Amino acid sequence: MKNYELMYIIPSQSTDEEKEALIALVNGMIEKDGGKIESVERIGNKKLAYPIDKKREGFYVLTNFSTDANVPNRLGALLSITNNIMRYMIVAK
């Protein structure tokens, strides 16, 4: 199993319940495919370098996980169609 790092941005105007539900959804996607969540860090609201969908701030979440090699590709496909994820990046460690 390889280690990966996932950073994604949620719109800052989302409620705390919506943010936590989205974090749980992403973690569930990883665990469903046999991955293991190592840590989840809620970095918080930060100003974006450039506007995304006319939004200037976002709530950043950093997740470290380990899984097989094919899972990040499937996870990326799911994240790209998930509502309320403005941007994401998956990096192998």
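Refer to the preceding data block for the structure.
Being a predicted model, the structure only gives us computed values, none of them experimental.

### Quick look at the pattern of salt bridges
For the structure shown, the criterion picks out 2 salt bridges. Measuring nitrogen to oxygen at the nearest pair gives 3.6 Å for the salt bridge that ties Arg74 to Asp33. In this pair, Arg74 sits in helix H2 (residues 71-81) while Asp33 sits in the loop between helix H1 (16-32) and strand E2 (36-52), placing the two residues 41 residues apart along the sequence. When its relative accessible area of 41% is taken as the criterion, Arg74 is described as partly exposed.

### Observations concerning the packing of aromatic side chains
Within this structure, the stated rule accounts for 1 aromatic pair. Both rings, one in Tyr4 and one in Phe65, keep their centres 5.7 Å apart while their planes meet at 25 degrees; by these two values the pair is stacked. Highlighted residues: Tyr4 in strand E1 (residues 2-11) and Phe65 in strand E3 (residues 55-67), separated in sequence by 61 residues. Like Tyr4, the residue Phe65 is buried in the burial classification.

### Describing the sheet that holds E1
Spatial strand order, E2-E3-E1-E4: 4 strands in an open sheet with antiparallel pairing. If you trace the sheet from one side to the other, it starts and ends with E2 and strand E4 (87-92), each paired once. Across this sheet, the average inter-strand angle for adjacent strands is 20 degrees, counted without regard to direction. Across the sheet, H2 touches E1, E3 and E4, and the angle it forms with E4 is around 175 degrees.

### As for the pairing of E1
Strand direction decides the pairing type here: E1 and E3, joined by 10 bridges, are antiparallel. Looking at the pairing, Ile9 lines up with Tyr60 of E3. Pairing of E1 with E4, which is carried by 6 bridges, proceeds in the antiparallel orientation. Note that in E4 the partner of Leu6 across the bridge is Ile90.

Cut-offs and rules
- Residues numbered from 1 in each chain as written.
- Predicted model: local features only at pLDDT ≥ 70, side-chain atom pairs only at ≥ 80, totals over all residues.
- Heavy atoms only, no water.
- Salt bridge = Lys/Arg side-chain N within 4 Å of Asp/Glu carboxyl O.
- Helix = DSSP H or I, 4+ residues; strand = E, 2+ residues; numbered from the N terminus.
- Buried < 20%, exposed > 50% of the residue type's maximum accessible area, 1.4 Å probe, protein only.
- Phe/Tyr/Trp six-rings, centres within 6.5 Å; stacked < 30°, edge-to-face > 60°.
- Pairing = 2+ DSSP bridges.
- Axes fitted to C-alpha atoms, helices over the stretch in contact; angles between N-to-C directions.
- Contact = heavy atoms within 4.5 Å.

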